Amino acid sequence: MEIYSKTFIDHFMNPRNVGEIENPDGIGIGENPQKSGKIVFYIKVKDNKLIDIKYKVLGCPSAISSSSLISEFFRDKLIENALKIDTNFLKENLGNLPEDVLECAKLSIAAFQNAILNYKKGGNYDN
Amino acid sequence: MYVYLNNAATTKTDGRVLFKMSKYYSELFENPMTSNYSPLAKNVEDEMENSRENVAKLLNAKRDEIYFTSGGTESDNWAIKGVALSNWDKKGEFISTPIEHMAVLKTLETVKKWGFDIKFLPVDKYGMVDPNDLKNLITKKTLLVSVMHANNEIGTIEPIEEIGKITKENGVIFHTDAVQSFCHIDIDVNKMNIDLLSISAHKFYGPKGVGALYIRKGIDISPFMDGGHQENELRSGTHNSPGIIGLGEAVKIATEEMEEEKKSVLFMKKMIEDRVKNIEGININGHPEKRLPNNLSLTINRVNAETMLTYLAVNGIIVSAGSACSAKEKSASHVLKTIGLPDELAHNTIRISLGKFNLVKEIEYFNEVFEYGVKKFREMAPK
Ligand SMILES: Cc1ncc(COP(=O)(O)O)c(C=O)c1O
């Protein structure tokens, strides 16, 4: 268990903001090739700010903790900030994630950033 | 609450075993091979021979057919490499299954590099070997057939007796990895025509780092560890006397208590199975009847195994995903793949393995926590 930090376990056991948003402004998906992990992010944007972030997640603990952290951290932040992050952001906030779990954690960043890109393209998520 | 449900990985050493061993670290520490006239060393030697006798009795073997090793991995290595070394000049082929433990599979890879041929028997969706396939596969060039007695991940018990008949008829050496089965279910090396058999003490409430290889008298197998003259010149190295004596004590206890343990773990396993049957989308892997009493391999649709494992661990419950040894491997387990589980379902599979120290109240607690977890993580999953 000690591979995970207290913050990590807190997010894992009590994930924040799980769910879907009705009529979101953007949706993004992150999925791994083996199909063992899938994350979907939903965002609401107002004045370039993320006013609501929700997600659904199937995957390993780091997929859950990272998604939870992202949803909490970026609320009311400018979308441009969100596009800059990489796994270092997760390492700084969730403790040092071992290499083998980083792959799953990357899925949550991908899903989140895809949601923002989707918003920028006009939020057409039917394709 | 701390609930240990990972007994297939290793077991807690029985207090009686530990008590017996401690003396052989303190006052009875002498090396019987070099202190010829010491009464203390004589005691150590006698106790090690008792150990050998206990193992032999439970296998229906003879005392001088039991060779102590450092555990299951060494025994598997020795069985396969030892037979290869004895047939170095003429070479030949080995037959095994794709669901063996890595201790067998990796060793086979090595003897393949040495110039021997390796063939694999197919297994069905339960991981079961069909003895008829062996009849077709075995040739004049076959040196050794190695089929595990019970699988460590899914618990399936292989048709060892039927396989033994075929190897005997063909004059081929038969090795079985009985690391998961010895001291848990019955084994008779004569009835089953087993020539070589691997065991490991830490899987039956004995100490870690000690095991044995049963070698039927007359079988041509070369030493694997060269050195001094221990174990009839076949396995050198100063005896791990406390370990060997601990192993013997664990076997003695199992001989008396095996039936009771079987009943108790079966009862508790049924408690989990009954609960699981009421939750949709959970599949039990391995053969429905021919399986280890303590093993329960569950594939839980739409719940990642690592997530279930971590969630259970935070709640004090220890289970495993795949096999213990492959827990660090990110690719899905070779056993689950071989029985036809697609990648994403292999990643949703956990192994629960009960033991004699488990209590009914622990299982009640597990059931509550588990069911809640399945519900929680499924609700979080995208459609
Ligand atoms: C079937 C099987 N064979 C061999 C081994 C290796 O045994 P040991 O840990 O004693 O080296 C194990 C244990 O992990 C096992 O389950």
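Scope of this entry: the structure provided in the associated data block.

Thresholds applied
Counting of residues starts from 1 at the beginning of each chain's written sequence and follows it residue by residue. Chain letters and ligand numbers both follow the written order, the letters beginning at A and the numbers at 1. Per-residue local features are limited, in this predicted model, to residues with pLDDT of at least 70; the limit for side-chain atom pairs, both in listing and counting, is 80 or more; totals at the level of whole chains, interfaces and linings are taken over all residues. Calculated side-chain values reflect all of the structure's heavy atoms, with hydrogen atoms and water omitted. Between two residues, a contact is recorded if the distance between any of their heavy atoms is within 4.5 Å. The term buried area means the drop in 1.4 Å probe accessible area that two parts suffer when joined, counted for both and summed. A side-chain nitrogen of Lys or Arg and a carboxyl oxygen of Asp or Glu constitute a salt bridge if their distance falls within 4 Å. Throughout this description, a polar contact denotes any pair of N or O atoms lying within 3.5 Å of each other; where both atoms belong to protein, one of them has to be capable of donating a hydrogen while the other can accept it, and for residues adjacent in sequence the pair is counted only when both atoms sit in side chains. Each helix is a run of H or I in the DSSP string that is no shorter than four residues. Each strand is a run of E no shorter than two, and both are numbered from the N terminus. In this classification, Asp, Glu, Lys and Arg are treated as charged, Ala, Val, Leu, Ile, Met, Phe, Trp, Tyr, Cys and Pro as nonpolar, and every other residue, Gly included, as polar. Following DSSP output, two strands are said to pair if at least two bridges run between them. Note on handedness: a clockwise path from strand one over the helix to strand two, with the strands aimed away from the viewer, defines a right-handed crossover. What counts as an axis is a line fitted to C-alpha atoms, over the stretch in contact for a helix, and the angles between N-to-C directions run from 0 to 180 degrees.

Before going further, it helps to examine the interface of chain A and chain B. Chain A puts 21 residues into the contact, and the matching count from chain B is 22 residues. Carbon and sulfur atoms make up 65% of the surface buried where chain A meets chain B, a total of about 1800 Å² over both sides. Its largest share of buried area at the contact with chain B, chain A owes to Phe-12, Met-13 and Leu-58 of chain A, together 26% of the area lost on that side. The residue Lys-383 of chain B makes a salt bridge to Glu-20 of chain A at a minimum N-O spacing of 3.2 Å. Applying the counting rule to chain A against chain B returns 5 residue pairs in polar contact (both at pLDDT 80 or more). Those elements that place two or more of their residues in the side of chain A that touches chain B are helix H1 (6–13), strand E2 (38–46), strand E3 (49–58) and helix H2 (61–73) of chain A. Residues that form the side of chain A that touches chain B fall into these classes: 13 nonpolar, 3 polar and 5 charged.

Take the pairing of strand E4 (residues 117–120) of chain B next. Residue and element names in this part refer to chain B. As paired strands, strand E3 (residues 93–96) and E4 are joined by 4 bridges and run parallel to one another. Opposite Phe-94, over in E4, you have Ile-118 as the bridge partner. A crossover links E3 with its parallel partner E4, the connecting element being helix H4 (residues 102–113), and its sense is right-handed.

Residue and element names in this part refer to chain B. Structurally, Glu-153 is set in the loop between strand E5 (142–146) and helix H6 (160–169). Linking Glu-153 and Thr-10, residues 143 residues apart in sequence, is a C-alpha distance of 13 Å. Within the local environment of Glu-153, its side chain forms a polar contact with the side chain of Ser-333, the two groups lying 2.7 Å apart.

All names here are of chain A. The strand order across the open sheet formed by 3 strands is E1-E2-E3, and the pairing between neighbours is antiparallel. The sheet is open, and its two borders are formed by strand E1 (26–31) and E3, each paired with just one other strand. Recorded for the sheet is a direction-independent mean angle of 15 degrees between the axes of neighbouring strands. Where E1 lies against E2, 6 bridges are found, and the strand directions are antiparallel. Its bridge partner being in E2, Glu-31 is matched across the sheet by Lys-38. Contacting E1, E2 and E3, helix H5 (residues 99–120) runs over the sheet at an angle of about 155 degrees to E1.

This is a description of form; function is not addressed.
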